[in-house]
Structures are given as C-alpha cells and as structure tokens.
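A closer look at the structure
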Amino acid sequence: MTRPISIINTYTVAASTTQKVSIYRVGPAEKFKLKKVKVHFPVGVENYLKVAIMYGIRNVLPEQGYFMGDGVVLEAETEFEYEPGSTVDVYMENTDTVNSHTFTIIIEGEIE
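Now for a quick tour of the structure. Keep in mind that what you see is a predicted model, and the values were worked out from it rather than measured.

Summing up its helical and strand segments, the protein chain has zero helices and eight strands in all. The secondary structure elements of the protein chain, listed N-terminal to C-terminal, are β-β-β-β-β-β-β-β. Computed over the C-alpha atoms, the radius of gyration of the protein chain is 14 Å, within 12% of the 13 Å expected from 2.2 N^0.38 for a compact globule of 112 residues. With respect to the three principal axes, the spread of C-alpha positions in the protein chain is 45 × 20 × 20 Å. In the protein chain, the share of contacts with a sequence separation of at least 24, taken over all contacts with a separation of at least 6, comes to 81%.

Read across the open sheet, the four strands follow the order β2-β7-β4-β5; overall the sheet is antiparallel. Both edges of this open sheet fall to β2 (18–25) and β5 (58–61), since each of them pairs with a single strand only. In this sheet, neighbouring strand axes are inclined to one another by 40° on average, regardless of whether the strands run parallel or antiparallel. Summarising the sheet, strand β4 (residues 49–55) and β5 pair through three bridges and their orientation is antiparallel. Bridging across to β5, Tyr55 finds its partner in Arg58.

Enumeration according to the criterion identifies seven salt bridges in this entry. Where Glu79 meets Lys35, a salt bridge forms, and the shortest distance between an N and an O atom there is 2.8 Å. With Glu79 in strand β6 (residues 72–82) and Lys35 in strand β3 (residues 32–41), the pair connects residues that are 44 residues apart, well separated along the chain. Residue class for Glu79 comes out partly exposed when judged on its relative accessible area of 49%. Looking at Lys35, the relative accessible area reads 27%, which means it is partly exposed. Between Glu108 and Lys38 there is a salt bridge, with the nearest N and O atoms lying 3.8 Å from each other. In this pair, Glu108 is assigned in strand β8 (residues 101–111) and Lys38 in strand β3, connecting sequence segments 70 residues apart. The class of Glu108 is partly exposed, set by a relative accessible area of 26%. A cluster of three or more residues bridged by salt bridges with shared partners is formed by Lys33, Lys35 and Glu79.

This paragraph deals with the packing of aromatic side chains. Applying the stated criterion across every chain, the model contains eight aromatic pairs. Aromatic side chains Tyr24 and Phe32 sit 5.2 Å apart centroid to centroid with 50° between the ring planes, which places their arrangement in the tilted category. The class of Tyr24 is buried, set by a relative accessible area of 14%. Note on Phe32 and Tyr82: the rings are 6.0 Å apart at their centroids and 45° apart in plane angle, and the pair reads as tilted.

Each value, and the rule that gives it
- Residues numbered from 1 in each chain as written.
- Predicted model: local features only at pLDDT ≥ 70, side-chain atom pairs only at ≥ 80, totals over all residues.
- Heavy atoms only, no water.
- Helix = DSSP H or I, 4+ residues; strand = E, 2+ residues; numbered from the N terminus.
- Rg over C-alpha atoms; globule rule 2.2 N^0.38 Å.
- Contact = heavy atoms within 4.5 Å.
- Pairing = 2+ DSSP bridges.
- Axes fitted to C-alpha atoms, helices over the stretch in contact; angles between N-to-C directions.
- Salt bridge = Lys/Arg side-chain N within 4 Å of Asp/Glu carboxyl O.
- Buried < 20%, exposed > 50% of the residue type's maximum accessible area, 1.4 Å probe, protein only.
- Phe/Tyr/Trp six-rings, centres within 6.5 Å; stacked < 30°, edge-to-face > 60°.

The values are spatial; any link to function lies outside them.
The structure is reproduced here in structure tokens:
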C-alpha cells in the first residue's frame, strides 16, 4: 500500500555559496517514489540560484542542468524511486557574489 507525501521547505543561500541538504530521509523498510517537484524563485533572484534534486551524486530533476528562474514556479515530474535508507537531497548554488537569495521547493511522492 502506498501513501502520498508532500514536503515543502524554504532555503536562503548565502552569496557565493554551494550546498547540498537532505530534504527527506527514506525509512529503513520503505521506498520513496518521487513524483513531482515544484521550485518557486521569487522576483529578484535573477537566475542567480541553481537548484537540483539529487540522489547521491546523480541529478534526478532536472536530469541535466539546474532549475533557475526569476519570479516563476517551475515544475517537473518523474517516477524516480529512492531506496530504503537513502536521502532526497537538494543541491543549491548561489552565483551572486554579493547577495543571498531565497527559494521554496515542494516535493511530492509516494511511500511504499
């Protein structure tokens, strides 16, 4: 039996900073199927932020490159399955050398 899950987080990335954080850890006896990702870049981000959903060192969404934008909500769908005990990671890079920038991310999926 599957159950839906939706996780939302807002991150602020300091100027000239790259980081990868875990947004969700899959339970030891579960599998997580990622279904959809939404990324909101407020007005003023001006494409300085690069965002991706990762599985280890592999890009899950987008499969290549990054989500980037300014005053937009970008959406992408997949059927990617995370193994028990793994983490859904968010890669974020701020290429602005002066200002920090904020974005909001929503992941939707199913736990099996």
